[in-house]
Amino acid sequence: MAQTVVDLATNAASPPPPPDPTAALSLRTLWKRFGETIAVHGLNLDVPRGSFFGLVGPNGAGKTTALSMATGLLRPDHGTAHVLGLDVWQQTLDAKRMLGVLPDGVRLFDRLTGAQLVTYAGLLRGMDRDTVRQRTDDLLASFDLTADRDKYVVDYSAGMTKKVALACAMIHAPGVLVLDEPFEAVDPVGAANIRDILHHYVAGGGSVVMSSHVMDLVQRICSHVAIISSGHLLAVGTVQEVRGEQTLEDRFVDLVGGRKDGEALAWLQHSSA
């Protein structure tokens, strides 16, 4: 993790090191093409164990595609993904036992109640019913969903749905949580509770990898960050290493580019005369 700004030419010319068995997540030369579009270009990335790791990039940068390949939801065209030293595509069941995943846009069984959905997630993991019952109660209380435990998930708000999906990802106490936009549509109180829960999880030895568009949030809560654009890794390291003397948002814009001149919309200005 010492190299914070990646020289793409050098990176492409030299072979990557083998996967890091000590990393929470270790990705090597991941590629994915959709038709004529290459979504992820030979991504190499190590997420330190015990870190709160933010993956940021503009829309269409390849964040969701990379995380889907890293967690076994999408098969890469080339490359490997290891979770706590286990190959996601060769040791699939063992690797997935170590993972808790909050994917983007995946439908839930929303004709179950909140309590039924979290219970189902625990039983699907092979946990005994008494443990599942206790953890379901604990998770629903922590995410402020106890009053709505018997309401169908289809009737939940977007924020409540996000919270119950996160509870499903955590019920088996995984070693690594991979979360795609976990704070999207969550109100400020709910977001604060989620932050507390995730920080407690990391303090207890877990690792969090999350994608987000909100630079200020990543800067405040993450220990490490990677910036990707058009499927390429542009920078990676601790948040302080990557942002330097700038804010993370300014550093992000410098690396990614694309800022437009607001003066082009001069017709929006109204005279006070």
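Notes on the structure in this doc start here. In this text, all values refer to a predicted model and were calculated from it rather than measured experimentally. (Residues numbered from 1 in each chain as written. Predicted model: local features only at pLDDT ≥ 70, side-chain atom pairs only at ≥ 80, totals over all residues. Heavy atoms only, no water.)

Things to note about the sheet that holds strand 4 (residues 78-83)
Read from one edge of the open sheet, four strands run 2-1-4-5, paired in antiparallel fashion. Each having just a single partner strand, strand 2 (37-47) and strand 5 (86-87) make up the two edges of the open sheet. Of the pairings in the sheet, the one linking strand 1 (residues 25-34) to strand 2 comprises seven bridges and is antiparallel in character. Across the sheet, residue Leu25 finds its bridge partner in strand 2, namely Val47. Lying over the sheet, helix 2 (residues 63-70) contacts strand 1, strand 2 and strand 4, oriented at roughly 120° with respect to strand 1. (Pairing = 2+ DSSP bridges. Helix = DSSP H or I, 4+ residues; strand = E, 2+ residues; numbered from the N terminus. Contact = heavy atoms within 4.5 Å. Axes fitted to C-alpha atoms, helices over the stretch in contact; angles between N-to-C directions.)

Observations concerning the sheet that holds strand 8 (residues 207-211)
Spatially, the six strands line up as an open sheet ordered 6-7-8-3-9-10, and their pairing is mixed. Of all the strands in the sheet, the pair left with one neighbour each is strand 6 (99-102) and strand 10 (232-238). The sheet shows a mean angle of 15° between the axes of neighbouring strands, direction not considered. Sheet topology note: the strand 3 (residues 52-56)/strand 9 (residues 224-229) ladder contains four bridges and is parallel.

Focus: the pattern of salt bridges
Summed over the entire model, instances satisfying the criterion amount to nine salt bridges. Between Asp77 and Lys32 there is a salt bridge, with the nearest N and O atoms lying 3.4 Å from each other. Of this pair, Asp77 sits in the loop between helix 2 and strand 4 while Lys32 sits in strand 1, and the two are 45 residues apart along the sequence. Taking relative accessible area as the criterion, Asp77 reaches 46% and is therefore assigned partly exposed. (Salt bridge = Lys/Arg side-chain N within 4 Å of Asp/Glu carboxyl O. Buried < 20%, exposed > 50% of the residue type's maximum accessible area, 1.4 Å probe, protein only.)

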